[in-house]
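# Working through the structure, step by step
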Amino acid sequence: MSNTTRRFLMAAAGGKKSTYAEDVFSTYLFTGNAGTQAINNGIDLAGEGGLVWTKNRTSAFNHFLYDTERGVQKYLISDSTIDQQDVSTSLTAFNSNGFTLGANDYGNITNGNRAASWSFRKAKGFFDVVTYTGNGSNRTIA
């Protein structure tokens with residue numbers, strides 16, 4: 001949606017800014033370069049928070065999930081039973097227009113391999129990142 005169209009819609013709604021899917025979610029395809037790589041997908045993860053999910057599409061690597069609550073360099077592997085990993089060359093920054101991957105083969109996908117990323121920005125009624133500390137009992141998490 002163009003900025004002009006958004007301004008007309010805001011004026012019609014009395015100036016209230018609406019949130020659109022492209023403001024809070026992005027699917028982004030890229031090719032790994034085995035070095036630092038900025039992914040500019042238009043999602044404000046630095047200011048708003050959220051989650052990035054990456055997956056190599058060329059080779060059989062795992063699914064990597066990075067969130068702003070856990071912080072940069074920390075990830076979960078959703079298709080594994082291992083706990084949080086902390087790798088300094090994985091996702092190195094959450095940016096106002098996407099994120100930056102480091103030179104780690106898993107985070108930035110080996111040179112020439114195709115990859116996909118999905119970014120979910122925190123937004124009321126859409127997505128949130130919640131942390132909790134377990135105590136060995138059943139828990140209800142809002």
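Not measured: the values here are computed from a predicted model.

## Things to note about the packing of aromatic side chains
- The full count for this structure, using the stated rule, is five aromatic pairs.
- Aromatic side chains Phe 25 and Phe 120 sit 5.1 Å apart centroid to centroid with 55° between the ring planes, which places their arrangement in the tilted category. Of this pair, Phe 25 sits in strand E1 (residues 25–31) while Phe 120 sits in strand E9 (residues 114–121), placing them 95 residues apart in sequence.
- Seen from their ring centres, Phe 64 and Tyr 75 are 4.9 Å apart, and the 70° between their planes marks the pair as edge-to-face. In this pair, Phe 64 is assigned in strand E4 (residues 63–67) and Tyr 75 in strand E5 (residues 74–77), connecting sequence segments eleven residues apart. Across the pair, exposure class does not vary: Phe 64 and Tyr 75 are buried alike.
- Taken together, the ring pairs in this structure connect Phe 25, Phe 120 and Phe 127 into an aromatic cluster.

## What to know about the nonpolar core
- Membership of the largest hydrophobic core comes to 15 residues, with the highest contact counts inside it found for Leu 91 and Phe 99.
- For this core, the secondary structure elements donating two or more residues are E4, E5, strand E7 (91–95) and strand E8 (98–101).
- The residues contacting Phe 99, other than those within four sequence positions of it, are Gln 37, Ala 38, Ile 39, Asn 41, Leu 45, Val 52, Leu 91, Ala 93, Phe 94, Ser 117 and Ser 119.

## Let's talk about the pattern of salt bridges
- What the rule picks out here adds up to three salt bridges.
- A salt bridge links Arg 70 to Asp 67, with the shortest nitrogen-to-oxygen separation between them at 3.0 Å.
- Residue classification places Arg 70 among the partly exposed positions, given a relative accessible area of 29%.
- Its salt-bridge partner being Lys 122, residue Glu 69 comes within 2.7 Å of it at the nearest N-O pair. Of this pair, Glu 69 sits in the loop between E4 and E5 while Lys 122 sits in the segment after E9; the two residues are 53 residues apart in sequence, bridging distant segments of the chain.
- For Glu 69, a relative accessible area of 40% puts it in the partly exposed group.

## Considerations on the sheet that holds strand E2 (residues 37–40)
- Spatial ordering of the open sheet is given by E2-E8-E7, a layout of three strands whose pairing is antiparallel. Edge strands, defined here as strands with exactly one partner in the open sheet, are E2 and E7. Neighbouring strand axes in the sheet, compared pairwise and without regard to direction, differ in orientation by 15° on average.
- Direction of pairing for E2 relative to E8: antiparallel, over a ladder of four bridges. Across the sheet, the residue bridging to Ile 39 is Phe 99, located in E8.

## Details of the confidence of the model for the protein
- Counting all residues, the mean pLDDT for the protein is 87, and 86% of those residues have values of 70 or more.
- When mean pLDDT is taken per element in the protein, helix H3 (residues 45–48) scores highest with 98 and helix H1 (residues 3–12) scores lowest with 63.

## As for the sheet that holds strand E3 (residues 50–56)
- Taking strand neighbours across the sheet as the criterion, the six strands line up as E1-E9-E3-E4-E5-E6 in an open arrangement whose pairing is antiparallel. The open sheet is flanked by E1 and strand E6 (85–86), the only strands paired with a single partner.

## Observations concerning the pairing of E4
- Most of E4 is tucked away: four of the five residues are buried.
- Pairing geometry for E3 and E4, over five bridges, is antiparallel. From the neighbouring strand, Val 52 faces E4, where its bridge partner is Tyr 66.
- In terms of strand pairing, E4 meets E5 through two bridges, oriented antiparallel. Bridged to Phe 64 within E5 is Ile 77.
- Where E4 hands over to E5, the hairpin turn is made up of six residues, of which Gly 71 adopts a positive phi near 100°.

Calculation rules
Residues numbered from 1 in each chain as written. Predicted model: local features only at pLDDT ≥ 70, side-chain atom pairs only at ≥ 80, totals over all residues. Heavy atoms only, no water. Phe/Tyr/Trp six-rings, centres within 6.5 Å; stacked < 30°, edge-to-face > 60°. Helix = DSSP H or I, 4+ residues; strand = E, 2+ residues; numbered from the N terminus. Buried < 20%, exposed > 50% of the residue type's maximum accessible area, 1.4 Å probe, protein only. Core = buried A, V, L, I, M, F, W, Y, C linked by side-chain atoms within 4.5 Å. Contact = heavy atoms within 4.5 Å. Salt bridge = Lys/Arg side-chain N within 4 Å of Asp/Glu carboxyl O. Pairing = 2+ DSSP bridges. Axes fitted to C-alpha atoms, helices over the stretch in contact; angles between N-to-C directions. pLDDT = per-residue confidence, 0-100.

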